[in-house]
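# Summary of structural features
Residue strings, one per chain:
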Amino acid sequence: MAQYMFSFLTTSLFMGLIILAIVTLSVLLPKVFSPKLRYAAWVVILIGLIIPFRPMFGNGLITFDMPYATTAESERQANKVGNITTEPPIIGDVGQSITIYEPAVQSMWQTLSTIHILVIAWAAVALAILTYHVWRYIGFKKLIRRWGVAVKDEDTLSVLQTIQSEKGIANKKIELKKCDFVSTSMIVGFLNPIILLPDKMFDADELELIFRHELIHYKRGDLFIKLLSVIAVSLNWFNPAVYLMSAAIGADCEASCDEAVIADVGGENKQFYAEIVMDMIGSKRAGGTALSTCFYGSKNGIKKRMEAIMNASVGVKKVAFSALAVLALMIIFTGSIFAFGSQTPSELPSQEPQYPVFQPPLDNSQQQGTEQITSQRAREIAAQFVGYGTVHDIRAFTEDGILNFEVEIRQGAVRYVVQINGVNGNVINLSSYTDDTGAEQTISETNNTEPTPQTTPDPTPPQAPVSSQGNRPANPVISLDRAIEIAYADIAARGINATFRTDSGMSWERGQWVWELEFRTHGERMPIIEFYINVDNGNIVKFEWDD
Amino acid sequence: MADFKRLPDTEFELMRIIWQHKPPVTTARIIQELGDSVNWKPQTVLTMLVRLIEKGFLSSERVGKERNYTPIISESEYMSLETGEFMFRYRGNSIGSLVKTMYDGKDLTEEELTELKKWLKEKEG
């Protein structure tokens, strides 16, 4: 989730910069960037804003380590203070009898609730904005249905029909209505377009230009582009640049439409057309709202539009498709320019810990540098190593910040426990047990050596344990209290905050007498850590997450 | 009418009939005008007319067996109320983002318009 959010934010930021660049360029070099070119550019940008996810090519030119750098950093800070809340491994059932323990992404767990709140807040505002626009649109449509008067005048309708034929949409049903309450002509309706005329008298020449203007909007699908613009603003409401874009799209849409009308009717009609547009400006009483100084859509804006109409060249400039292609490519490759967050903690720049810090490995999919093997791969390695048998259990455990796997394989009464290094896939340790005795034998200990697969099952019960069990030591070298101290020290060194819960006394495990201790962590799901501590030398025989 | 409430479509339909005829209009006439377009019982129509009286849209008086209705608010008055309310609710004259208007800027004052027209004439030379 954090990744998606971050990706969305970087895209929005990048698009914001492009928007500012285009607005700046069109102000500085109005001749180079014609309204038509700008309008086409806005369409590309709108698509880029609405589809925020980009393919990733390579590793990115600029690398942000934000998601982990910040969270992992704060985590380390928290470790120092010693009040970290450690989250448990995710436990999921795979298959029937196999439980796979996958490690959680700790930094994500920790920040999850904050991210959730942010995402919900973002979605709520986006939905509210979208609803507002749709609500308003429905309200306006209702007004038209109630108060719009269908135009029945044959002359007017024949002008519309003529222009429709000229535009190749002769058979499209386009309603024409007169509305007292609008001051400008307009086109409404996505599927069944309605042209609205204000309650003014227009002669046939004026009507022709008005219909041309509105039908060009219809043919270009400008209403749909406006819809895209509303969606883009709703989704990126936190980005100030989109509001500028929205205003610019409106202005450039009209300007390019004006341009197309002039191209249709010839330059000698510019003045006439400009006057018609001016007739559409509503009049208000003096001293109204003082909001008429914005860049677009004010007196300043209409002057600019008039000037553009008067300066329109009859031969429409060829749209610079190459410029648009460059823009589209730029947007598509945003994902590659801003790569982020895919490093593993070991790749993080800050290497300050003097003591081993417990770092739950990241989710497999996010491991790129150290190529964490999957639990599936661990099963395969274990099965291959042992030869044959049924995989009964697989669990993940961490050692020195590396995720390792322990795979339990049964061959009849014999149980093999294979420990596999989670990074290089080497078999660290292989133990075998028989169910009736509980005796254990370490068969081999390998590291970077070719495993010697046992292709045939041992028909006889395993040999006697290497070290004899003997009697429970009455006065162990390491007392229970001392064992708890050792465990606490280990927990602290790993940066975990956990409390001693219970001990199961002394037991014979892995060929030695150990203290069996349980610690409860204070994470959300409160997993338990199990310790085996050798009663003779105080070595930690086992450190394991359990739920 | 500070607390303007948009008329629901049913009541608006009745008002439209009354507006279209020379007042006063009788109940019989209204029901006749409604014809088969709607499937309302006379009782329903009467209830709606009473509601319109309560809302201050109509006045009525009994003449013989018939009841006559006279509009208090004219059609154009109501229209400017309803449309004005819509425009006011959404501020400015911007009609909405999902509509393509030929001019989508703010309204200008008469002086500003005159000035603009003069400026345009000068441009033409």
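Below, the structure is looked at part by part.

What counts, and where the lines are drawn
- Residues numbered from 1 in each chain as written.
- Chains lettered and ligands numbered in written order.
- Predicted model: local features only at pLDDT ≥ 70, side-chain atom pairs only at ≥ 80, totals over all residues.
- Heavy atoms only, no water.
- Helix = DSSP H or I, 4+ residues; strand = E, 2+ residues; numbered from the N terminus.
- Buried < 20%, exposed > 50% of the residue type's maximum accessible area, 1.4 Å probe, protein only.
- Contact = heavy atoms within 4.5 Å.
- Areas by Shrake-Rupley, 256 points an atom, 1.4 Å probe, with all protein chains shown as cover.
- Buried area = accessible area lost by both parts, 1.4 Å probe.
- Salt bridge = Lys/Arg side-chain N within 4 Å of Asp/Glu carboxyl O.
- Nonpolar A, V, L, I, M, F, W, Y, C, P; charged D, E, K, R; others polar.
- Pairing = 2+ DSSP bridges.
- Axes fitted to C-alpha atoms, helices over the stretch in contact; angles between N-to-C directions.
- Parallel < 35°, antiparallel > 145°, perpendicular 65-115°, else oblique.
- Left-handed = near helix turned anticlockwise from the far one by under 90°.
- Patch = residues over 30% accessible without salt bridge, like charges linked within 9 Å, V, L, I, M, F, W, Y side chains within 5 Å.
- Expected span 1.5 Å × (residues − 1).
- Arc of directions from axis to C-beta.
- Disulfide = S-S within 2.5 Å.

A count of helical and extended segments in chain B gives 5 helices and 5 strands. Looking at chain B residue by residue over its 125 residues, the buried ones come to 39%. Taking all contacts inside chain B whose residues are at least 6 apart in sequence as the whole, residues at least 24 apart take part in 52%. Element-wise, carbon and sulfur atoms account for 51% of the exposed surface of chain B, whose accessible area totals about 7,300 Å².

Attention now goes to the interface of chain B and chain A. Contact with chain B, which involves 45 residues of that partner, is made by 60 residues of chain A. Between chain B and chain A the total buried area reaches about 5,000 Å² when both faces are included, carbon and sulfur atoms providing 65% of it. Broken down residue by residue, the surface that chain B buries against chain A is led by B:L98, B:K100 and B:M102, which jointly contribute 22%. Joining chain B to chain A, the criterion identifies 3 salt bridges. Secondary structure elements with two or more residues in the side of chain B that touches chain A: α1 (9-20), α4 (75-89), β4 (100-101), β5 (108-109) and α5 (110-124) of chain B. With 12 residues, the single largest contributor to the side of chain B that touches chain A is α5(B). Of the residues that constitute the side of chain B that touches chain A, the class distribution is 19 nonpolar, 8 polar and 18 charged. Summarising the sheet, strand β6 (residues 186-188) of chain A and β4(B) pair through 2 bridges and their orientation is antiparallel. The partner of A:M186 across the bridge, within β4(B), is B:T101.

Our next topic: the packing of helix α1 (residues 2-28) of chain A against helix α8 (residues 240-265) of chain A. All names here are of chain A. Viewed as axis vectors pointing N to C, α1 and α8 meet at an angle of 40°, and their least axial separation amounts to 9 Å. Considering the angle they form, α1 stands oblique to α8. Note on packing geometry: the crossing formed by α1 with α8 is left-handed. In contact with G16, I19, L20 and V23 of α1, α8 contributes A241, V242, L244 and M245. Each residue belonging to the contact of α1 with α8 can be placed in one class, and the counts come to 7 nonpolar, 1 polar and no charged.

Let us now look at the pairing of strand β16 (residues 512-521) of chain A. All names here are of chain A. Along β16, 8 of the 10 residues are buried, which leaves the element largely enclosed by surrounding structure. Looking at chain direction, strand β15 (residues 498-509) and β16 are connected through 9 bridges and run antiparallel. Looking at the pairing, F500 lines up with F519 of β16. In this structure, the hairpin formed by β15 and β16 is closed by a connection of 2 residues, where R510 is found at a positive phi of approximately 50°. Both β16 and strand β17 (residues 528-534) contribute to a ladder of 7 bridges, which runs antiparallel. Each bridged residue has a counterpart across the sheet, and for W515 the counterpart in β17 is I533.

Side chains of A:L25, A:V27, A:L28, A:L29 and A:V32 sit close together on the surface and give an oily, nonpolar patch of about 450 Å² of accessible area. With respect to the secondary-structure elements, A:L29 resides in the loop between α1 and α2 (35-50).

With that out of the way, let us pick up the sheet that holds β4(B). Read across the sheet, 5 strands follow the order β4(A)-β5(A)-β7(A)-β6(A)-β4(B) without closing on themselves; strand pairing throughout is mixed. Strands at the two margins of the open sheet, each flanked by one partner only, are β4 (149-150) of chain A together with β4 of chain B. Against the sheet, helix α6 (residues 204-220) of chain A engages β5 (175-179), β6 and β7 (194-198) of chain A together with β4 of chain B, with an angle of about 145° to β7(A).

What follows concerns helix α13 (residues 375-386) of chain A. Residue and element names in this part refer to chain A. Over its 12 residues, α13 extends 16 Å from the first C-alpha to the last, a length consistent with the 16 Å expected when each residue adds 1.5 Å. Along α13, the residues that are buried comprise S375, A378, R379, I381, A382, F385 and V386. Angular distribution of buried residues about the axis of α13 spans 165°; they occupy a single face of the element.

Here we come to the state of the cysteines. Residues and elements named next belong to chain A. Under the defined criterion, the tally for this structure stands at 0 disulfides over all chains. Looking at the unpaired C253, the closest cysteine sulfur is the one in C257, lying at 6.4 Å. Take C253: its relative accessible area is 1%, and that puts it in the buried class.

What follows concerns unusual backbone geometry. A positive phi is found at A:R510, a non-glycine position, where the angle reads about 50°. Looking at the element boundaries, A:R510 is found in the loop between β15 and β16.

What follows concerns the packing of helix α5 (residues 154-166) of chain A against α6(A). Residue and element names in this part refer to chain A. Relative to each other, α5 and α6 sit at 45°, their axes nearing to 9 Å. Accordingly, the angle class assigned to the pair α5 and α6 is oblique. Read as a crossing pair, α5 and α6 show a hand that is right-handed. Of the residues in α6, those touching α5 at T156, V159, L160, I163, Q164 and E166 are A204, L207, E208, F211, R212 and L215. Looking at the contact of α5 with α6 residue by residue, the class counts come to 7 nonpolar, 2 polar and 3 charged.

Tracing the backbone through its elements, the reader meets A:R38 in helix α2. Dropping the residues within four chain positions of it, A:R38 is found in contact with A:S26, A:F33 and A:D252.

This part is about the environment of A:A308. Secondary-structure assignment places A:A308 in helix α10 (residues 299-311). On the basis of relative accessibility, which here comes to 36%, the residue A:A308 falls in the partly exposed class.

Next up on the list: the sheet that holds strand β18 (residues 540-546) of chain A. All names here are of chain A. The strand order β15-β16-β17-β18 describes an open sheet built from 4 strands, whose pairing is antiparallel. The strands lining the two open edges of the sheet, one partner per strand, are β15 and β18. Direction aside, the axes of adjacent strands within the sheet are offset by 20° on average. Alignment of β17 against β18, held across 6 bridges, turns out to be antiparallel. Note that in β18 the partner of I528 across the bridge is D546. Packed on one face of the sheet, helix α14 (residues 480-493) meets β15, β16, β17 and β18 and runs near 55° to β16.

To continue, consider helix α9 (residues 270-279) of chain A. Burial analysis of α9(A) places 7 of its 10 residues in the buried class, which makes it a mostly covered element. Those residues of α9(A) that fall on the buried side of the exposure criterion are A:K270, A:Q271, A:Y273, A:A274, A:I276, A:V277 and A:M278.

Geometric descriptors of this kind do not, in isolation, establish any biological role.
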